[in-house]
Amino acid sequence: MIEGRTILNVGESLLDAALGYLVVFIGLTLLMIVVVVVGKIMYSKAKKANAKSAAPAAAPAAAAPVTSKKLAPGSAGDVKIYDTDPRDAAMIMAIVADKLGKPLNELRFRSIKEVK
Amino acid sequence: MLESLSKLVTESGFAGFFSNPDGWRNLVMIAIACVLLYLGIKKQYEPLLMVGIAVGCLLANVSSVFMTADGSLPDALYHQSLWDAFLDETSPYYHSYGHIMSHGGLIDILYIGVKAGLYPCMIFIGIGAMTDFGPLISNPKSLLLGAAAQFGVFFAFFGANLLGFDAQQSASIGIIGGADGPTAILTTTKLAPELLGPIAVAAYSYMALIPMIQPPLMKALTTEKERSVKMEQLREVSKTEKILFPIVVTIFIVLLLPSTAPLIGCLMFGNLLKETGVTERLSDVAQNALMNIVTLFLGISVGATMVGSRFLTLDTIKIVVLGLIAFSFSTIGGLLVGKLMYKLTGGKVNPLIGSAGVSAVPMAARVSQREGQKANPSNFLLMHAMGPNVAGVIGSAIAAGFLISMFGG
């Protein structure tokens, strides 16, 4: 046996093993609580900031009601987008048009929805 | 003429295999080094470290056969006797790095970085800089899976005690179950340095074998229905949250368990470099140059501890078996808590992500993804499994911190 080393009996080693596992669980559970709390604080702050920035933006949007409904020349209608970034939607439409070998303005996309 | 030839033959390394009492052991270790090289190069088992470990083992054993009449090894690259004196409290060279520097070979000097705990911590800076904690922040429950998957650490610790290892050795063997090479190396260096070679080889070999070890356990412990569960998309994590995370974890975990400071501190420092966005150069160095240089030194130094006289023992076989048990039970622990979450959430959590709680980033998460997709081809579990995967890194660091504080003297 190497000097300075500890020899444990079965009971002691079982107890140490259980204690160690418990410490890991407690440590990570407490960390989980901290992360959840920090996440909630961040979320509420972001929500407040969004609400503030949305309020002034609403006024100019209301000033131009009809023009936004007009379609671009050659366009085949507008498309409803659900849970999809407009950039991604544009890319999807371009890829489909390319694969079909048809101009984009001859195709009609009704809606694009992310499948979850 | 004949005298010169005779001198040349007797002084050659080949003759050393027979004249040196441990010569045959060195010969066996050279063969083992070649097998490790084959595994690293041909089978690509953790090649970045396995090749270094194999070369370290090869160099240490090839250079250790040139023993002089007084029993010293003047040409050896690594001297086990110097490190024995370094650890012997009765020796005048106890904890004398100066003695190592003046009498050691190349690998002895490189090994100082292992002994001082420098390399594992620097690797943790690199790992931190490469890790995205976003999936963990968006789903903090992953931390429970990371904790559950440390079961094998403590199960193997208990098993090693039963097999006659002392507490320090058992703790070092148990930490193999954390599936985290640097953590295993740091813990073993602090608690049972005499076992560093076999523990490092076992840890890295089993990490490479995760795609073979985990799937049978995943299939045995989960049903087809559970494996095919599709999980909800994770929420987006803001940059501020990502910056705050390493700071909060460092303060919280280190205050909770101070012995985790080297590992958690370095891991989170590396991550902070990545997330701040203002230290891109440092982040780049940590992820690439630093990581590669330290991996090089670490592999060779750890491999050099595999000298025949120390490695070829019954204990090595026990360590290899216990390492496999540790890995398997860590996987089982993660899967069982994953199943519990599946039940508690009414089937919203796929239990396969639990097995990713053993660190081994990102291989364990990839295995979860692959098995999930086998059950349901439209299943994408990778990002969900990355949460428990990175939580496992924190979990194994806490487990190591606990064992070091309990048995570190």
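Worth saying up front: this structure is predicted, and the values here are computed from it rather than measured. Just so you know, the residues in each chain are numbered from 1, in the order the chain's sequence is written. Chains carry letters and ligands carry numbers; both start at the beginning, A for chains and 1 for ligands, and go up in the order they are written. The predicted origin of the model limits local features to residues at a pLDDT of at least 70 and limits the giving and counting of side-chain atom pairs to 80 or more, whereas totals for whole chains, interfaces and linings rest on all residues.

Caption draft 1: Just the overall build of chain A, in detail. What chain A contains, in helices and strands, is 2 helices and 2 strands. In sequence order, chain A lays out its α and β elements as α-β-α-β. The contact criterion used is a C-beta to C-beta distance within 7 Å, with each C-beta placed from the backbone. Long-range contacts, defined here as pairs at least 24 residues apart, represent 63% of the contacts in chain A between residues at least 6 apart. In DSSP terms, a helix is any run of H or I states spanning at least four residues, a strand is any run of E spanning at least two, and both are numbered starting from the N terminus.

Caption draft 2: Expanded view of the overall build of chain B. Tallying secondary structure elements over chain B gives 23 helices and 0 strands in all. Here the C-beta atoms are placed from the backbone, and a residue counts as buried if at least 20 other C-beta atoms lie within 10 Å of its own, exposed if 12 or fewer do, and partly exposed otherwise. Sorting the 409 residues of chain B into buried and exposed places 58% on the buried side. Within chain B, contacts between residues separated by at least 24 positions form 74% of all contacts whose residues are at least 6 apart in sequence.

Caption draft 3: Examining unusual backbone geometry more closely. Residue and element names in this part refer to chain B. Here the residue pair Val361 and Pro362 is connected by a cis peptide bond, since its omega of -5° sits within 30 degrees of zero. Despite not being glycine, Glu46 shows a phi value in the positive range, around 40°. Position of Glu46 among the secondary structure elements: in the loop between helix H3 (23-41) and helix H4 (47-63). Note on Glu46: 23 C-beta atoms within 10 Å, which makes it buried. The residue Ala179 is not glycine, and still its phi comes out positive at about 55°.

Caption draft 4: Spatial organisation of the interface of chain B and chain A. At the junction of the two partners, chain B supplies 39 residues and chain A supplies 29 residues. Elements represented by at least two residues in the side of chain B that touches chain A include exactly helix H10 (142-148), helix H11 (151-162), helix H12 (167-174), helix H17 (239-256) and helix H23 (382-407) of chain B. Considering every element that reaches the side of chain B that touches chain A, the biggest residue donor is H23(B), with 9 residues. Under the scheme applied, nonpolar residues are Ala, Val, Leu, Ile, Met, Phe, Trp, Tyr, Cys and Pro; charged residues are Asp, Glu, Lys and Arg; polar residues are all the others, including Gly. Looking at side-chain class alone, the side of chain B that touches chain A contains 26 nonpolar, 9 polar and 4 charged residues.

Caption draft 5: Representation of the domain arrangement of chain B in the model. Residue and element names in this part refer to chain B. Domain ranges listed in this record stem from an automatic or a database domain assignment. Under the domain assignment, chain B is made up of domain 1 (2-114) and domain 2 (118-298 + 313-407). Computed over C-alpha atoms only, the centres of domain 1 and domain 2 are separated by 32 Å. With 11 residues of domain 1 at the interface, the matching set in domain 2 holds 16 residues. Counting residues per element, the side of domain 1 that touches domain 2 draws most heavily on H4, at 5 residues. Grouping the amino acids of the side of domain 1 that touches domain 2 by side-chain chemistry returns 8 nonpolar, 2 polar and 1 charged.

Caption draft 6: Region of interest: the environment of Ala160(B). Residue and element names in this part refer to chain B. Looking at where Ala160 falls in the secondary structure, it is placed in helix H11. Residue classification places Ala160 among the buried residues on the basis of 26 C-beta atoms within 10 Å. Residues Ala160 and Ala179, spaced 19 residues apart in sequence, show a C-alpha to C-alpha distance of 17 Å. Sequence-distant contacts of Ala160, that is, excluding residues within four places in its chain, are made with Phe165, Gln169, Ser170, Ile173, Gly174 and Leu322.

Caption draft 7: Main features of the nonpolar core. What we call a nonpolar core is a set of buried Ala, Val, Leu, Ile, Met, Phe, Trp, Tyr and Cys residues whose membership is set by joining through C-beta atoms within 7 Å. One finds Leu28(A), Ile53(B), Cys57(B), Ile176(B), Ile199(B) and Ala200(B) to be the most contacted residues of the largest nonpolar core, which totals 141 residues. Element by element, the count of residues in this core is highest for H23(B), at 14 residues. Once residues within four sequence positions are removed from consideration, Leu28(A) is found in contact with Leu143(B), Leu144(B), Gly146(B), Ala147(B), Ala391(B), Ile394(B), Gly395(B) and Ile398(B).

Caption draft 8: Layout of the packing of helix H22 (residues 363-375) of chain B against H23(B). All names here are of chain B. Closest axis-to-axis distance for the H22/H23 pair is 8 Å, and the angle between their directions is 145°. H22 and H23 meet at a crossing whose hand is right-handed. Across the interface between the two elements, Ala364, Ala365, Arg366, Ser368 and Gln369 of H22 pack against Leu382, Ala385, Met386 and Asn389 of H23. Across the contact of H22 with H23, the residue classes tally to 5 nonpolar, 3 polar and 1 charged. In this analysis an axis means a line fitted to C-alpha atoms, helices contributing only their contacting stretch, and an angle means the value between N-to-C directions, from 0 to 180 degrees. Here a crossing is taken to be left-handed if its near helix is turned anticlockwise relative to the far helix by less than a right angle, and right-handed if that turn runs clockwise.

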